[in-house]
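Summary of the model geometry
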Amino acid sequence: GAGVSQSPSNKVTEKGKDVELRCDPISGHTALYWYRQRLGQGLEFLIYFQGNSAPDKSGLPSDRFSAERTGESVSTLTIQRTQQEDSAVYLCASSRIPTSPSQDTQYFGPGTRLTVL
Amino acid sequence: AQSVTQLGSHVSVSEGALVLLRCNYSSSVPPYLFWYVQYPNQGLQLLLKYTSAATLVKGINGFEAEFKKSETSFHLTKPSAHMSDAAEYFCAVIPGGGTSYGKLTFGQGTILTVHP
């Protein structure tokens with residue numbers, strides 16, 4: 001079956017522009033996560049969706065970052081007025097049973113590499 | 001707060017040699033622990049996870065990890081390295097004690113290089 005997909009795979013933008021990153025989770029997965037991986041660093045949690053609500057947005061770095069999700073489907077991460085420090089790989093993951101970590105597995109997409117010039 | 005420390009940002013081994021990647025966590029309650037692998041230009045893939053069922057966990061591709069509460073460690077090992085094991089490895093944690101969802105906290109990653 002299809003895994004988690006993300007688009008675009010690469011995005012180059014100029015400082016100050018807005019960008020939208022898309023994530024298509026595995027069908028039937030209620031939970032969706034966004035993470036950021038900056039060069040030479042581990043992954044940082046950004047936001048968690050349960051269905052189309054976001055009970056944890058604590059990882060969003062600033063109010064320039066926002067995300068939404070349509071039902072239990074596509075999610076879009078939007079970065080407004082991009083800065084050079086936003087350059088990173090943005091990874092999306094989805095899972096089926098987030099309330100039971102022992103039974104659940106997060107499946108990751110290939111990521112979107114964002115470069116802000 | 002949960003944290004994960006991976007000792008050694010780069011590890012280099014010869015093909016056929018033992019692989020040992022170190023991970024220590026900080027938590028007052030035994031957490032759920034994970035090892036993920038990231039091959040170049042690919043997403044993360046789960047290697048194995050500890051969920052309190054057994055302290056020695058076997059994963060894919062011949063990897064295993066042992067949960068040691070006394071040492072707060074979850075080191076990843078493989079008896080004999082293959083060239084195909086070259087990748088970046090991440091240790092991650094989800095808090096234990098009735099967590100509500102699977103927010104992962106990752107270590108900094110260890111790049112494994114395998115020499116012929």
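One structure accompanies this document, and this report is about it. Note that this is a predicted model, so its numbers are computed, not measured.

A few words on the nonpolar core. Of all hydrophobic cores here, the largest spans 27 residues; its most connected members are Trp35(B), Leu48(B), Phe74(B), Leu76(B) and Tyr89(B). Elements with a contribution of two residues or more to this core: strand 2 (10-14), strand 3 (19-26), strand 4 (32-38), strand 5 (44-50), strand 7 (64-68), strand 8 (73-78), strand 9 (87-94) and strand 11 (110-115) of chain B. Grouped together as the second largest cluster of nonpolar side chains are 20 residues, Ala31(A), Tyr33(A), Ala93(A) and Tyr101(B) included.

Attention shifts here to empty space enclosed by the protein. In the structure shown here, the tally under the stated rule is 1 cavity of 30 Å³ or more. Approximately 50 Å³ is the volume attributed to the largest cavity. Lining the largest cavity are Pro101(A), Asp104(A), Thr105(A), Gln106(A), Phe34(B), Tyr36(B), Ile94(B) and Gly102(B).

Further remarks concern the packing of aromatic side chains. With the rule as written, the count across this model stands at 14 aromatic pairs over all chains. Consider the rings of Tyr35(A) and Phe106(B), whose centres lie 5.6 Å apart with planes at 90 degrees: the pair is edge-to-face. Pair noted here: Tyr35(A) is in strand 4 (residues 31-37) and Phe106(B) is in strand 10 (residues 105-106), and the two residues belong to different chains. Note on accessibility: Tyr35(A) and Phe106(B) belong to one class, buried. Taken together, a centroid distance of 5.3 Å and an interplanar angle of 80 degrees make the contact between Phe108(A) and Tyr36(B) edge-to-face.

Moving on, we come to the side chain of Glu88(B). Within the secondary structure, Glu88(B) sits in strand 9. Non-local contacts of Glu88(B), meaning those with residues more than four positions away in its chain, are made with Gln37(A), Tyr36(B), Val37(B), Gln38(B), Gln108(B), Gly109(B), Thr110(B) and Ile111(B).

Moving on to the interface of chain B and chain A. The partner chain A presents 23 residues to the 22 residues of chain B that form the contact. In this assembly, chain B packs against chain A so that about 1,700 Å² is buried in total across both faces, 55% of it on carbon and sulfur atoms. In this structure, the connection of chain B to chain A is made through 1 salt bridge. In this structure, the salt-bridge partner of Asp56(A) is Lys103(B), at a minimum N-O distance of 3.7 Å. Run the count over chain B and chain A and you get 4 residue pairs in polar contact (both at pLDDT 80 or more). Mapped by element, the contributors of at least two residues to the side of chain B that touches chain A are strand 4, strand 5 and strand 9 of chain B.

Cut-offs used in this document
Residues numbered from 1 in each chain as written. Chains lettered and ligands numbered in written order. Predicted model: local features only at pLDDT ≥ 70, side-chain atom pairs only at ≥ 80, totals over all residues. Heavy atoms only, no water. Core = buried A, V, L, I, M, F, W, Y, C linked by side-chain atoms within 4.5 Å. Buried < 20%, exposed > 50% of the residue type's maximum accessible area, 1.4 Å probe, protein only. Helix = DSSP H or I, 4+ residues; strand = E, 2+ residues; numbered from the N terminus. 1 Å grid on protein atoms, 1.4 Å probe; cavity = no way out; pocket = protein on both sides within 12 Å on 5 of 7 lines; lining within 4 Å. Points joined across faces, edges and corners; volume = space filled by probe spheres on them. Phe/Tyr/Trp six-rings, centres within 6.5 Å; stacked < 30°, edge-to-face > 60°. Contact = heavy atoms within 4.5 Å. Buried area = accessible area lost by both parts, 1.4 Å probe. Salt bridge = Lys/Arg side-chain N within 4 Å of Asp/Glu carboxyl O. Polar contact = N/O pair within 3.5 Å; in protein donor to acceptor, adjacent residues only side chain to side chain.

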